[in-house]
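One letter stands for each residue in the lines below.
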Amino acid sequence: MAASSQTTVHYRACNLCEAICGLEIRVEDGDITSIRGDDDDPFSRGHVCPKAVALQDVHHDPDRLKRPLRRIPGENGGDDRWEEIGWNEAFDLAASRLRAVQDEHGRDAVGFYLGNPNVHNYGNLLYGPPLLRALKSKNRFSATSVDQLPHHFAAYFMFGHQLLLPVPDLDRTGYLLILGANPAVSNGSLMTAPDVKKRLKAIRERGGRIVVIDPRRTETAKLADRHFFIRPGTDALLLMALLHTVFEEDLAGSGSPAPDRLAQHADGLDEVRRAAEAFAPERVAGAVGIAAADVREIAREFCAAPAAVCYGRMGASTQEFGALCNWLINAFNFVTGNLDRPGGAMFTKPAVDLVARGHGCGSFGRWKSRVRGLPEFGGELPVSALAEEILTPGEGQVRALVTSAGNPVLSTPNGRRLEEALAGLDFMVSIDFYLNETTRHAHLILPPTAALEHDHYDVVFHVLAIRNTARYSPPLFDPEEGTRHDWQILHELRKRLDPDKSLRARAERWVMGRGPRLLLDLALRSGSTSLTVKKLEKAPHGVDLGALEPCLPGRLKTPDGRIDLAPELLVEDVGRLRKHLEALDGGSSMVLIGRRQVQSNNSWMHNYERLMRGKDRCTLLIHPDDAARLGIADGGKAAVSSRVGRVEAPVELTDAIMPGVVSLPHGWGHHRPGIRLATAAGRPGVSLNDLTDEQRVDALCGNAAFSGVPVTVEAV
Ligand SMILES: Nc1nc2c(c(=O)[nH]1)N[C@H]1C(S)=C(S)[C@@H](COP(=O)(O)OP(=O)(O)OC[C@H]3O[C@@H](n4cnc5c(=O)[nH]c(N)nc54)[C@H](O)[C@@H]3O)O[C@H]1N2
Ligand SMILES: Nc1nc2c(c(=O)[nH]1)N[C@H]1C(S)=C(S)[C@@H](COP(=O)(O)OP(=O)(O)OC[C@H]3O[C@@H](n4cnc5c(=O)[nH]c(N)nc54)[C@H](O)[C@@H]3O)O[C@H]1N2
Ligand code: SF4
Ligand SMILES: [Mo]
């Protein structure tokens with residue numbers, strides 16, 4: 001009998017981005033032979049993007065770390081060395097150093113930075129917070145404040161919970177107005193919608209319309225009926241003008257989808273009307289770059305559609321008026337009768353229901369950053385303040401740092417300054433499986449297992465999905481001997497650092513020691529579905545729990561159970577917007593924006609050969625008219641300078657970028673010395689965040705303002 005090779009088929013959800021695509025992975029004799037879309041996943045219907053196959057590359061990457069590494073500083077100016085040490089020694093070292101720093105300099109002397117993959121890993125979500133609580137430092141930072149903080153901010157003040165984020169009901173809408181999002185490349189964000197391109201095309205196939213507002217004619221704009229360039233950072237003005245038009249022309253009056261059902265549950269409509277008075281389309285058109293007649297037409301079409309939704313994302317969030325944008329988007333959806341209504345902006349009811357459980361509603365301004373006074377939100381400070389908190393001496397100075405699944409040197413504004421800060425820390429420990437631009441500054445790296453070696457349930461992105469679904473994925477491979485999962489690393493550190501020795505605390509730690517699956521099962525059982533982990537395991541393609549359903553006012557978490565359409569802090573911020581409008585009347589310089597690419601995932605997926613093939617992607621996009629004026633040739637090189645730095649990049653001329661605007665993708669800059677990422681270092685690119693400015697934040701909520709950094713551009 002011939003020894004036949006054994007092929008097994010494994011189904012799991014991809015955890016790389018927010019789309020939660022179902023995967024079918026074939027394994028032969030312990031090796032992956034194919035990764036493709038799972039046709040039987042009712043949500044993703046077989047869709048995957050090129051990054052799915054890279055899960056295999058992550059798994060096999062020779063650069064991926066598996067054992068703790070301790071840095072031995074080079075002698076007499078020589079290079080640092082890294083030495084493998086045992087796990088127990090590593091945990092003890094980390095705990096004792098962190099404890100020593102806190103004993104000597106106070107609790108806030110230990111800072112924390114949590115990166116994006118934490119939200120794609122439920123072990124981190126469950127085991128990170130107890131460690132943070134044990135350390136009790138106010139210096140907590142995360143990628144939230146270079147991303148979606150303004151969404152949480154608006155939701156917290158309007159609906160009472162930072163996770164009550166309205167999701168566009170893509171599959172039923174008749175009109176989609178997109179501000180600063182590029183789902184055709186990002187695969188959807190705060191809008192989990194696998195196979196999003198097909199869903200966008202379907203809107204038009206059923207007679208609906210898509211309008212995209214973006215300083216670049218993006219891949220998404222190409223799928224739309226209309227695209228308008230917008231001057232970066234002026235979306236709040238546009239939204240005000242849209243609201244102004246709706247009120248002035250009484251577009252949400254009789255005959256249109258008026259907010260009848262919710263009107264009796266909301267306060268502040270008059271304040272919204274008053275706030276929009278000063279922003280007629282004719283007044284803002286010059287600053288925004290969109291003709292008044294076009295603004296009025298969008299408002300009219302939006303209100304005439306059977307169901308419409310305005311959706312904004314990164315471009316409208318990471319800018320100086322991100323909080324105002326998100327408030328106004330919600331207000332616009334409400335005023336036009338499209339909040340909490342099929343085809344409009346709706347809320348999920350997920351199997352693990354973080355909102356119903358009343359956890360983490362949000363908080364604002366309970367403390368401020370020491371140096372610049374930026375406000376806390378949801379227990380964290382804006383990461384734009386991290387470098388100065390490390391570099392500025394005095395009481396409360398950050399002297400030790402823990403990073404988990406983050407690469408802030410490449411992903412937060414003014415990465416150069418942060419590098420300088422990290423180099424001076426007394427102690428830094430990084431939980432990460434790469435020696436990269438950030439972790440090279442650590443004294444100790446604790447590498448976790450990779451995705452295919454642990455189970456997965458998307459606790460966060462089911463909350464933000466356009467349908468209610470649930471999907472549990474068991475591990476595909478056993479973890480390699482002598483490796484640790486993220487949750488185990490976090491738990492071991494917590495056990496060593498948690499001062500609470502009460503019986504209750506010890507019992508809780510014992511339960512947690514059994515792993516996240518048990519906690520997930522408890523969370524599922526306490527939800528409104530009858531799902532358990534076992535039941536989900538029997539449904540390897542995932543479970544469809546149906547379309548989103550209207551749920552207000554019942555789901556509101558505001559103290560009075562009502563929608564606050566005009567939160568005081570946001571209304572007050574309108575004064576700043578008015579001043580900005582006046583300043584823009586005086587003209588402005590060249591400005592910089594970012595972009596994403598299908599083959600990239602923020603900063604950390606440039607080490608896989610198959611995602612790096614083809615021509616150089618880290619290029620500066622510039623409009624031919626600007627290039628001609630500046631004497632810059634296609635394919636040549638340009639230098640871009642901002643207040644904080646200067647980079648040189650190859651130029652790509654294109655009329656898909658608005659005149660006066662240039663674009664670089666973010667997540668590059670792998671030329672830093674001392675990293676262990678062979679493929680990435682071979683095509684390093686430059687870092688957009690060597691140009692973005694940590695002083696440019698949304699003054700209200702402290703979120704980084706990436707869009708519209710003033711720059712000068714010259715031929716090299
Ligand atoms: N200029 C500009 N800057 C931006 C953006 C932009 O649009 N423009 N986008 C921002 C956004 S939206 C985000 S979310 C941030 C992202 O910012 P970060 O989260 O700081 O950066 P990432 O590139 O996602 O880095 C993730 C790190 O986690 C590691 N990692 C991956 N998986 C795991 C895991 O399972 N466990 C552990 N422990 N580590 C893991 C990787 O090796 C990598 O070091 O960047 C932001 N920065
Ligand atoms: N392939 C890939 N997918 C990803 C990621 C990735 O790195 N690569 N990252 C993931 C993460 S962490 C996130 S948060 C999401 C982000 O998901 P998206 O927000 O959909 O992605 P972005 O490409 O950042 O889209 C922002 C758009 O805003 C535009 N823009 C810039 N400034 C302005 C402005 O002032 N106003 C307006 N109206 N538009 C502006 C940009 O040109 C860009 O097209 O993507 C996720 N998915
Ligand atoms: S779209 Fe996102 S979830 Fe889907 S395969 Fe690509 S990276 Fe994975
Ligand atoms: Mo993000």
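### Description of the site of ligand 3
Here's step 1: Taken together, Cys14, Leu16, Cys17, Ala19, Ile20, Cys21, Val48, Cys49, Lys51, Ala52 and Asn187 form the complete shell of residues around ligand 3.
Here's step 2: The residue inventory of the shell around ligand 3, partitioned by class, reads nine nonpolar, one polar and one charged.

### Description of the packing of helix α3 (residues 122-135) against helix α17 (residues 486-497)
Here's step 1: Packing of α3 against α17 brings their axes to within 9 Å, and their N-to-C directions diverge by 15°. Looking at the two axes, α3 sits roughly parallel to α17. α17 is crossed by α3, and the crossing has left-handed handedness. Contacts between α3 and α17 involve Gly123, Asn124, Tyr127, Gly128, Pro130, Leu131, Ala134 and Leu135 from the first element and Asp486, Trp487, Leu490, His491, Leu493, Arg494 and Leu497 from the second.
Here's step 2: Of the residues in the contact of α3 with α17, the class split is nine nonpolar, four polar and two charged.

### Brief notes about the site of ligand 1
Here's step 1: Around ligand 1, the surrounding shell holds 28 residues, and the nearest of these are Tyr113, Asn116, Ser411, Asp432 and Ser603.
Here's step 2: A distance of 3.4 Å separates an oxygen atom of ligand 1 from a polar atom in the backbone of alanine 405.
Here's step 3: One of the backbone nitrogen or oxygen atoms of asparagine 407 is found 2.9 Å away from an oxygen atom of ligand 1.
Here's step 4: Burial of ligand 1 by the protein amounts to 96% of the accessible area it has alone, namely 920 Å².
Here's step 5: Grouping the constituent residues of the shell around ligand 1 by class yields 13 nonpolar, 11 polar and four charged.

### Details of the side chain of glutamate 437
Here's step 1: With respect to the secondary-structure elements, glutamate 437 resides in the loop between β18 (427-431) and β19 (444-446).
Here's step 2: Although glutamate 437 is buried, it forms no salt bridge, and the closest oppositely charged side chain is arginine 672 at an N-O distance of 6.6 Å.
Here's step 3: One polar contact links glutamate 437 to asparagine 407, side chain to side chain, over a distance of 3.0 Å.
Here's step 4: Polar side-chain contacts of glutamate 437 include one of 2.6 Å to the side chain of histidine 670.
Here's step 5: Those residues in contact with glutamate 437, other than ones at most four positions away along the chain, are Asn407, Val409, Leu410, Gly669, His670, Arg672, Ile675 and Leu677.

### Thoughts on the pairing of strand β17 (residues 400-404)
Here's step 1: Counting buried positions over the five residues of β17 gives five, a clear majority of the element.
Here's step 2: Going residue by residue along β17, you find Ala400, Val402 and Ser404 tucked away on one face and Leu401 and Thr403 tucked away on the opposite face as well.
Here's step 3: One ladder, built from five bridges, connects strand β6 (residues 110-114) with β17; its direction is parallel. Bridge pairing in β17 places phenylalanine 112 opposite valine 402.
Here's step 4: Alignment of β17 against β18, held across five bridges, turns out to be parallel.

### Considering the sheet that holds β18
Here's step 1: Strand order in this open sheet of seven strands is β5-β4-β19-β18-β17-β6-β7, and the pairing throughout is mixed. Each edge of the sheet is formed by a strand with only one pairing partner; in this case those strands are β5 (81-84) and β7 (140-142). With direction set aside, neighbouring strand axes in the sheet form an average angle of 20°.
Here's step 2: Direction of pairing for β18 relative to β19: parallel, over a ladder of three bridges. The residue of β19 that forms the bridge with isoleucine 431 is leucine 446.

### Overview of the sheet that holds strand β30 (residues 709-715)
Here's step 1: What the six strands build is a closed barrel, ordered β25-β29-β26-β28-β27-β30; its pairing is mixed. Each strand of the sheet is rotated relative to its neighbour by a mean of 45°, with strand direction disregarded.
Here's step 2: Strand direction decides the pairing type here: strand β25 (residues 590-593) and strand β29 (residues 661-663), joined by three bridges, are parallel. Looking across to β29, one finds that isoleucine 593 is bridged to serine 663.

Definitions and limits used
- Starting afresh in each chain, residues are numbered from 1 along the sequence in its written order.
- Each chain takes a letter, starting from A, and each ligand takes a number, starting from 1, following the order in which they are written.
- The model is predicted, so local features are restricted to residues of pLDDT at least 70 and side-chain atom pairs to those at 80 or more, both for listing and for counting; the totals for chains, interfaces and linings are taken over all residues.
- As a rule here, side-chain values cover all heavy atoms of the structure and leave hydrogens and water aside.
- Throughout, near means a residue has at least one heavy atom within 4 Å of the molecule or strand.
- Note on residue categories: nonpolar means Ala, Val, Leu, Ile, Met, Phe, Trp, Tyr, Cys or Pro, charged means Asp, Glu, Lys or Arg, and polar means any other residue, Gly included.
- The angle between two axes is taken between their N-to-C directions and runs from 0 to 180 degrees, where each axis is a line fitted to C-alpha atoms and a helix contributes only its stretch in contact.
- Helix and strand definitions follow DSSP, with helices as H or I runs of at least four residues and strands as E runs of at least two, each counted in order from the N terminus.
- Roughly parallel means an angle under 35 degrees; roughly antiparallel, over 145; roughly perpendicular, 65 to 115; everything else is oblique.
- Throughout, a crossing is termed right-handed when the near helix is turned clockwise from the far one, and left-handed when it is turned anticlockwise from it by less than a right angle.
- Any two residues having at least one pair of non-hydrogen atoms within 4.5 Å are treated as being in contact.
- Whenever a nitrogen or oxygen atom comes within 3.5 Å of another N or O atom, the pair is scored as a polar contact, on the condition that within protein one atom can donate a hydrogen and the other can accept it, and that pairs from neighbouring residues in sequence are kept only if both atoms are in side chains.
- The Shrake-Rupley method, run with a 1.4 Å probe sphere, supplies the accessible areas, and residue values consider only the shown protein chains as cover.
- Only protein chains enter the accessibility calculation, which uses a 1.4 Å probe; a residue is then buried when its area is under 20% of its type maximum, exposed when over 50%, and partly exposed in between.
- Under the convention used here, Asp and Glu are negative, Lys and Arg are positive, and both His and the chain ends fall outside the count.
- Salt bridge criterion: a side-chain nitrogen from Lys or Arg within 4 Å of a carboxyl oxygen from Asp or Glu.
- We treat two strands as partners when DSSP finds at least two bridges between them.

Any functional reading would require information that these geometric values do not contain.
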